[in-house]
Amino acid sequence: EVTITRKALLLALFATLFAWACQALTVHFNYGGNWTALFCIRPGMPVPNFLKSENLYIFQNSEGYDGQVFHLIAHDPWMQKGSVEAIAGASFRYQRILVPALAWMLALGRDPWIHAAYFAVILAFVFLGVYWTALFADRMGRSYRYGLLFLLVPATIVSLDRMTADIALAAMTAAFAYYTLEVTGRSFWKILLILTCAVLARETALPMIGAYAIYLLTRRRLVQAV
């Protein structure tokens, strides 16, 4: 168990470095070294006063992508700086708070550090996703190297290229699959934390939560199902 854990950790580290290298090459050759291009910001996206001094990369003739919204939320998770007015459907968008909030916490709330912190959070979910997928593959009798398949998941590719929160849900799904193979009381609390993080990443985690609750009911584990 210790050996496979170490192998999974090394595999996850390799995958994370590879993902970072791909991002760095893309930013260098396609966007002139401006990492904010990964947020894919459209020309008409409202820019609150606290962001006007930043050298934001704007995609001309584009509607942008979800990363431009998560970028604003990461700078203003408490809705006090004007991001709410800049985001269409802010009440819905702010439900996907996990990745932006983690970036804000990692940056200690300092705006100049938000971008680097956000990229670090995305890469951290690459690490976790590959790690949990590798452990799951090993538990299912496959090579731990199958963990690298996490890099090919559409949610991973899109999130690395457009800074969306999908990768967090994908990583939590891998963790959910792995820890449901355990039957200890401790594993239930891990699963509870994982599902909580999953639904804070994207509301599309709700069917997974509902399905697990139904599963627990069929096993007469009423308290855990609730």
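Residues numbered from 1 in each chain as written. Predicted model: local features only at pLDDT ≥ 70, side-chain atom pairs only at ≥ 80, totals over all residues. Heavy atoms only, no water.

1. Here's the deal with the nonpolar core
The biggest cluster of nonpolar side chains holds 77 residues, and the ones touching the most others in it are Val99, Tyr118, Phe125 and Trp132. Broken down by secondary-structure element, the contributors of at least two residues to this core are helix H1 (2–30), helix H2 (67–75), helix H5 (98–106), helix H6 (111–139), helix H7 (154–162), helix H8 (166–179), helix H9 (185–201) and helix H10 (206–218). Considering every element that reaches this core, the biggest residue donor is H6, with 14 residues. When residues no more than four places from it in sequence are discounted, the contact partners of Tyr118 are Phe39, Phe70, Ala74, Val99, Pro100, Ala103, Met163 and Thr164. (Core = buried A, V, L, I, M, F, W, Y, C linked by side-chain atoms within 4.5 Å. Buried < 20%, exposed > 50% of the residue type's maximum accessible area, 1.4 Å probe, protein only. Helix = DSSP H or I, 4+ residues; strand = E, 2+ residues; numbered from the N terminus. Contact = heavy atoms within 4.5 Å.)

2. Side note on the packing of aromatic side chains
In this description, a pair of aromatic rings is defined by centroid distance and the angle of the planes. Taken as a whole, this structure holds 11 aromatic pairs when the rule is applied. The interplanar angle of 20 degrees and the centroid separation of 5.9 Å between the aromatic rings of Tyr212 and Tyr215 together place this pair among those described as stacked. Of this pair, Tyr212 and Tyr215 both sit in helix H10, separated by three residues, roughly a single helical turn. Overall, the relative accessible area of 9% leaves Tyr212 in the buried class. Three or more aromatic residues joined by ring pairs make a cluster, and in this case those are Trp35, Phe39, Tyr118 and Phe119. Taking NZ or CZ as reference, Lys81 lies 5.4 Å from the ring centre of Phe50, over its face. (Phe/Tyr/Trp six-rings, centres within 6.5 Å; stacked < 30°, edge-to-face > 60°. Lys NZ or Arg CZ within 6 Å of the ring centre and 35° of its normal.)

3. With respect to the confidence of the model for the protein
Looking at the protein, the pLDDT average stands at 94 and 98% of residues meet or exceed 70. The spread of mean pLDDT over the elements of the protein runs between helix H3 (residues 83–86), the lowest at 88, and H5, the highest at 98. (pLDDT = per-residue confidence, 0-100.)

4. Structural notes on the pattern of salt bridges
Oppositely charged side chains are able to pair whenever their charged atoms sit close together. A full pass over the atoms with the stated rule returns five salt bridges. Across the salt bridge formed by Arg93 and Asp66, the nearest N and O atoms sit 3.4 Å from each other. Of this pair, Arg93 sits in helix H4 (residues 90–93) while Asp66 sits in the loop between H1 and H2, and the two are 27 residues apart along the sequence. The exposure class assigned to Asp66 is partly exposed, which follows from its relative accessible area of 22%. (Salt bridge = Lys/Arg side-chain N within 4 Å of Asp/Glu carboxyl O.)

5. A short note on unusual backbone geometry
One non-glycine residue, Met79, lies in positive phi territory at about 60 degrees. On the secondary structure map, Met79 appears in the loop between H2 and H3. The phi torsion at Arg220 lies on the positive side, around 60 degrees, for a residue other than glycine. If you trace the backbone, Arg220 turns up in the loop between H10 and helix H11 (222–225). Classification of Arg220 by relative accessible area gives exposed; the value is 79%.

6. Re the side chain of Gln68
Turning to its location among the elements, Gln68 is positioned in helix H2. Excluding residues that lie within four positions of it along the chain, Gln68 makes contacts with Phe39, Cys40, Ile41, Arg42, Met45 and Glu63.

7. Some thoughts on the packing of H5 against H6
Packing of H5 against H6 brings their axes to within 8 Å, and their N-to-C directions diverge by 125 degrees. In terms of their interaxial angle, H5 and H6 are classed as oblique. Note on packing geometry: the crossing formed by H5 with H6 is right-handed. Every residue of H6 that contacts H5 at Leu98, Val99, Pro100, Leu102, Ala103, Trp104 and Leu106 is listed here: Ile114, Ala117, Tyr118, Ala120, Val121, Ile122 and Phe125. (Axes fitted to C-alpha atoms, helices over the stretch in contact; angles between N-to-C directions. Parallel < 35°, antiparallel > 145°, perpendicular 65-115°, else oblique. Left-handed = near helix turned anticlockwise from the far one by under 90°.)

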